[in-house]
Amino acid sequence: MALTTRTKILKLFTTKTQCSTLALGSRDGFRHDLFRESEYLSSFSFFSSSAANAAVAAETASPSADVLNGSRLFGFLKEYEDYRRNLYGGLTHKALFVDAVGTLLVPSQPMAQIYRQIGEKYGVEYSEGEILNRYRWAYEQPWGKSRLRYVNDGRPFWQYIVSSSTGCSDSQYFEELYNYYTTEKAWHLCDPDAEKVFQALRKAGVKVAVVSNFDTRLRPLLRALKCDHWFDAVAVSAEVEAEKPNPTIFLKACEFLEIQPEDAVHVGDDRRNDIWGARDAGCDAWLWGADVTSFREVAQRIGVQV
C-alpha cells in the first residue's frame, strides 16, 4: 500500500534531520526517539496549496518515489520561507528569541576547574573529574524544594549543587563561587558578531529577546558583559516563574514584545527545552549548532543581510 502524503513527508523530514544532525556532530547524535511527529506536523500545516499538490503528485509517482528526495524537501522549506516573507514584508519572523547559556554565552573556563580552584582554600579535595561527575549526578536529581530550580536568586538550588559537587558546605566558599558567576570574567559570548547582527535585526524591525532558564543574576550578568542593551526584552525563568520547556516562558516573551507566538523564532542549543518548548508555545524554533551555527546565519534565514 502506498504511503500517505503526510507519512511520506514525515518520513523524509525524520531521515533528513537525523542525517544532518549526525553530520554536524550535535550532542543529541543519531537518536530517532528525539524526533516527535508533532514537530513535523506543525511545519506541514504551513505548506501552501501548490506544495501540497506537489506532494500529491509524488504519491502517484513510481514506487521508487515512496520517500521524497532531498531537493524536493528543500523546495518545500524554501516555499515555506518565501510564504512567510510575503506575510512579513520580506522577513520570515517579526521577533527573534535567543537562549542564554550555550547559545548567547558560555563559561570561560570549565565549571569543575573553577569549583576546584576557588575551593582549594576551603578544603575541597575532589579532582575536577570527580567534581564534574558529582555535579552531573546532583543536577539530574529531582529538585523537591520547589517546582522551579531557579526561584529568585536561586541560592537554595545552587547551594545544593555546590555542596553535592564538592563536599564543601562552607558558606563563604559558596558566596565566592556564586558571585564569581555574576562577573564578565566567568563568561564570554559565543559569537563575536552577535552585537552587529542584533543591531542589524533591530534596524530591520525584528525585535530581539533573551529567553532563559536562569536566576535573577542574568540581568546583572548581561550588564557586566555590556550586551544588555542589545535586547528589547529579557524573559528569565526565575522572574516569570516558568522554566523551559514550559510554553509559559515563551508566551511571556511574546507578551513583552507585543507579538503573537507565530511571529517569533527561538534559537537555542537544547532540543527539549528550546525546540520542543518553543514549538509547544506556537513559535518557530531552530537548534543552535545544527539548524544554525552563527547569528549571521540566523539573520540571513530571517531575511536580514549583515
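Taking an unreviewed UniProt entry as the reference, the chain is identified by name as Haloacid dehalogenase-like hydrolase (HAD) superfamily protein belonging to Abeliophyllum distichum.

Participant: Can you walk me through the pairing of strand S1 (residues 95–98) in this structure?
Facilitator: Side-chain alternation along S1 places Ala95 and Phe97 on one buried face and Leu96 and Val98 on a second face that is also buried. Taken together, the four bridges between S1 and strand S4 (residues 207–212) define a ladder with parallel strand orientation. Residue Leu96 lies in a different strand from S4, and its bridge partner there is Val208. Note: S1 against strand S6 (residues 264–268), four bridges, orientation parallel. Looking across to S6, one finds that Leu96 is bridged to Val265.

Participant: I would appreciate a short explanation of the sheet that holds S4 in the present structure.
Facilitator: In sheet architecture, strand pairing relies on hydrogen bonds along the backbone and comes in two forms, parallel and antiparallel. Taking strand neighbours across the sheet as the criterion, the five strands line up as S5-S4-S1-S6-S7 in an open arrangement whose pairing is parallel. Of all strands in the sheet, those bounded by a partner on one side alone are strand S5 (233–236) and strand S7 (284–287). On average, each strand axis in the sheet is inclined to that of its neighbour by 20°, with strand direction left out of account. Of the pairings in the sheet, the one linking S6 to S7 comprises four bridges and is parallel in character. Its bridge partner being in S7, Val265 is matched across the sheet by Asp284. Sheet contacts for helix H12 (residues 247–257): S1, S4, S5 and S6; angle to S5, the most-contacted strand, approximately 160°.

Participant: Which parts of the structure should I look at to understand the pattern of salt bridges?
Facilitator: Opposite charge on two side chains makes pairing possible when the charged atoms of those side chains draw close. In this structure the tally under the stated criterion is 12 salt bridges. We note a salt bridge from Arg217 to Asp215, for which the minimum N-O separation is 2.8 Å. The same class applies to Arg217 and to Asp215, which are both buried. Lys244 is paired through a salt bridge with Asp274; the nearest N and O atoms lie 2.7 Å apart. With a gap of 30 residues between them, Lys244 in the loop between helix H11 (237–240) and H12 and Asp274 in helix H13 (residues 271–280) connect regions that are remote in the sequence. Since its relative accessible area comes to 6%, Lys244 is described here as buried. One connected set of salt bridges, linked through shared partners, spans Asp99, Lys244 and Asp274.

Participant: Help me out: how do you make sense of unusual backbone geometry in this one?
Facilitator: Backbone phi values are negative for most residues with the exception of glycine, while trans is the configuration of most peptide bonds. The omega angle of the peptide bond from Lys244 to Pro245 is 15°, so this bond is cis rather than trans. If you check the backbone angles, Asn152 has positive phi at about 55° while not being a glycine. When you line up the elements, Asn152 lands in the loop between helix H6 (128–140) and helix H7 (155–166). Even without being a glycine, Lys226 presents a positive backbone phi close to 60°. Here Lys226 is to be found in the loop between helix H10 (218–224) and S5.

Rules of the game
- Residues numbered from 1 in each chain as written.
- Predicted model: local features only at pLDDT ≥ 70, side-chain atom pairs only at ≥ 80, totals over all residues.
- Heavy atoms only, no water.
- Buried < 20%, exposed > 50% of the residue type's maximum accessible area, 1.4 Å probe, protein only.
- Helix = DSSP H or I, 4+ residues; strand = E, 2+ residues; numbered from the N terminus.
- Pairing = 2+ DSSP bridges.
- Axes fitted to C-alpha atoms, helices over the stretch in contact; angles between N-to-C directions.
- Contact = heavy atoms within 4.5 Å.
- Salt bridge = Lys/Arg side-chain N within 4 Å of Asp/Glu carboxyl O.

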